[in-house]
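Chain by chain, the residues:
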Amino acid sequence: MRRLLIIGIGVGNPDHLTVQAIDALNRADVFFMPDKGEEKAALRHLRQEICERFVKEARYRTVDVTIPRRAAEGVDYHAGVDAWHASLQAKYEALFAEHLAEGECGAFLVWGEPALYDSTLRIIERIAAKGLAIEWEAIPGISAVQVLAARHRMPLNRIGSSVLITTGRRIAEGFPETADTVVVMLDGDQAFRHLAARADLEIFWGAYLGTTNEILVSGKLSDVAEEILRIRRRLRDEKGWIMDTYLLRRAAPG
Ligand SMILES: C[S@@+](CC[C@H](N)C(=O)[O-])C[C@H]1O[C@@H](n2cnc3c(N)ncnc32)[C@H](O)[C@@H]1O
């Protein structure tokens, strides 16, 4: 039987690894290191730092995995994602055949929390469903959402209220009627700018959370939207990549 560990590593600060994650790192024979375009150097560096710092005996191997780019969004979003997952599945199957021997343990160091906007668990499930004898375990990690809330020193939910976590693509359709608080991830298009005329919304924004480049802005959306757009553009140009997450909520009465 081959074994796989899907380990959440946080979003930029190695101090955010859990004790359980560190134990898991020490069980791995081989680390599969994803390589994802522009942000690759920074993210790869963090993964390497984590292995060097936390693995007690450096007997492990590392294998680079070039992640194929998802095709630009067509008419059918779900079909596009499914095709992308199929290509990832084929890639992982080939990697396991070549680099993970029977009885060995492989690990994926997943950015943030594996259960949140990450496909690794879905792909592994697809591979197992096809019949590959594989056992796998997910180890939770600290998500960008948690770091955002901690750095703004705020609870995510208002008392007794719910929180919706969604994508930029979704929030571009409008602030959900029934929502009080919305956390937005994966927003390459700064969808909040479409809501900037609304005087009733507050934003709590964070980029490069957990890293030494972390930057935070908060305030009434109509007051700070332009400033966030400006900062975001500058940093993205300077570094070649950016990851940001933000919380939008209706301002409390009064
Ligand atoms: C593919 S999702 C992965 C989310 C990850 N699994 C998590 O738990 O945070 C990538 C999105 O997470 C958010 N993100 C990840 N790392 C971040 C960071 N260091 N600072 C701000 N946002 C981050 C951004 O919204 C980015 O578009």
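Here the structure is shown first, and the text comes after it.
Rules used in this analysis
Note on numbering: residues in each chain are counted from 1, in written sequence order. Thresholds applied to this predicted model are a pLDDT of at least 70 for local features of residues and 80 or more for the giving and counting of side-chain atom pairs; totals over whole chains, interfaces and linings are not thresholded and use all residues. Excluding hydrogens and water, the side-chain figures rest on all heavy atoms present in the structure. Note on definitions. A residue lies near a molecule or strand when any single heavy atom of the residue is within 4 Å of it. Under the rule applied, a polar contact is a pair of N or O atoms within 3.5 Å (in protein, one hydrogen donor and one hydrogen acceptor; residues adjacent in sequence only if both atoms are side-chain atoms). The method behind every accessible area is Shrake-Rupley, applied with a 1.4 Å probe, and residues are considered shielded solely by the protein chains displayed. Ten residues, namely Ala, Val, Leu, Ile, Met, Phe, Trp, Tyr, Cys and Pro, are considered nonpolar, four, namely Asp, Glu, Lys and Arg, are considered charged, and the remaining ones, Gly among them, are considered polar. Aromatic pairs are defined between Phe, Tyr and Trp rings, using the six-membered ring for Trp, whenever the two ring centres lie within 6.5 Å; interplanar angles under 30 degrees are classed as stacked, those over 60 as edge-to-face, and all others as tilted. Helix numbers and strand numbers start at the N terminus; a helix is a DSSP run of H or I with at least 4 residues, a strand a run of E with at least 2. Exposure classes here rest on a 1.4 Å probe applied to the protein chains alone. A residue is buried below 20% of its type maximum, exposed above 50%, and partly exposed in between. Paired strands, as defined in this entry, are two strands with at least two bridges between them according to DSSP.

Draft legend 1. Seen up close, the site of the ligand. Looking at the ligand, there are 16 residues lining it, with Trp-111, Glu-113, Leu-116, Asp-244 and Thr-245 nearest. Between Trp-111 and the ligand, the recorded distance is 2.8 Å, taken from a backbone N or O atom to a nitrogen atom. Its free accessible area being 560 Å², the ligand has 91% of it covered by the protein chains. Counted by class, the shell around the ligand contains 10 nonpolar, 4 polar and 2 charged residues.

Draft legend 2. View of the packing of aromatic side chains. Here the structure, examined in full by the defined rule, presents 8 aromatic pairs. Relative to Phe-108, the ring of Phe-32 lies with its centre 5.2 Å away and its plane at 25°, an arrangement referred to as stacked. Within this pair, whereas Phe-32 is found in strand S2 (residues 30-35), its partner Phe-108 is found in strand S4 (residues 105-110), the two being separated by 76 residues in sequence. With respect to burial, Phe-32 and Phe-108 carry one shared label: buried. Centroid distance Tyr-208 to Trp-241: 5.2 Å. Interplanar angle 85°. Geometry classified as edge-to-face. Taken together, the residues span a long stretch of sequence, with Tyr-208 in the loop between strand S8 (201-207) and strand S9 (215-220) and Trp-241 in the loop between helix H7 (221-239) and strand S10 (244-250) at a distance of 33 residues. The burial state of Tyr-208 is the same as that of Trp-241; both residues are buried.

Draft legend 3. Region of interest: the environment of Ile-139. Within the fold, Ile-139 resides in strand S5 (residues 134-139). Residue Ile-139 is classed as buried on the basis of its relative accessible area, which comes to 1%. Between the C-alpha atom of Ile-139 and that of Tyr-117, which follows or precedes it by 22 residues, the distance is 15 Å.

Draft legend 4. Structural context of the pairing of S8. Taking burial as the measure, the 7 residues of S8 include 7 buried ones, the bulk of the element. Taking every second residue as pointing to the same face, both faces of S8 are buried, with Leu-201, Ile-203, Trp-205 and Ala-207 on one and Glu-202, Phe-204 and Gly-206 on the other. Judged from the 7 bridges that link them, S8 and S10 form a sheet pairing that is antiparallel. Bridge assignment links Glu-202 to a residue of S10, and that residue is Arg-249. For S8 and S9, the ladder comprises 6 bridges, and the chain directions are antiparallel. Looking at the pairing, Phe-204 lines up with Ser-218 of S9.

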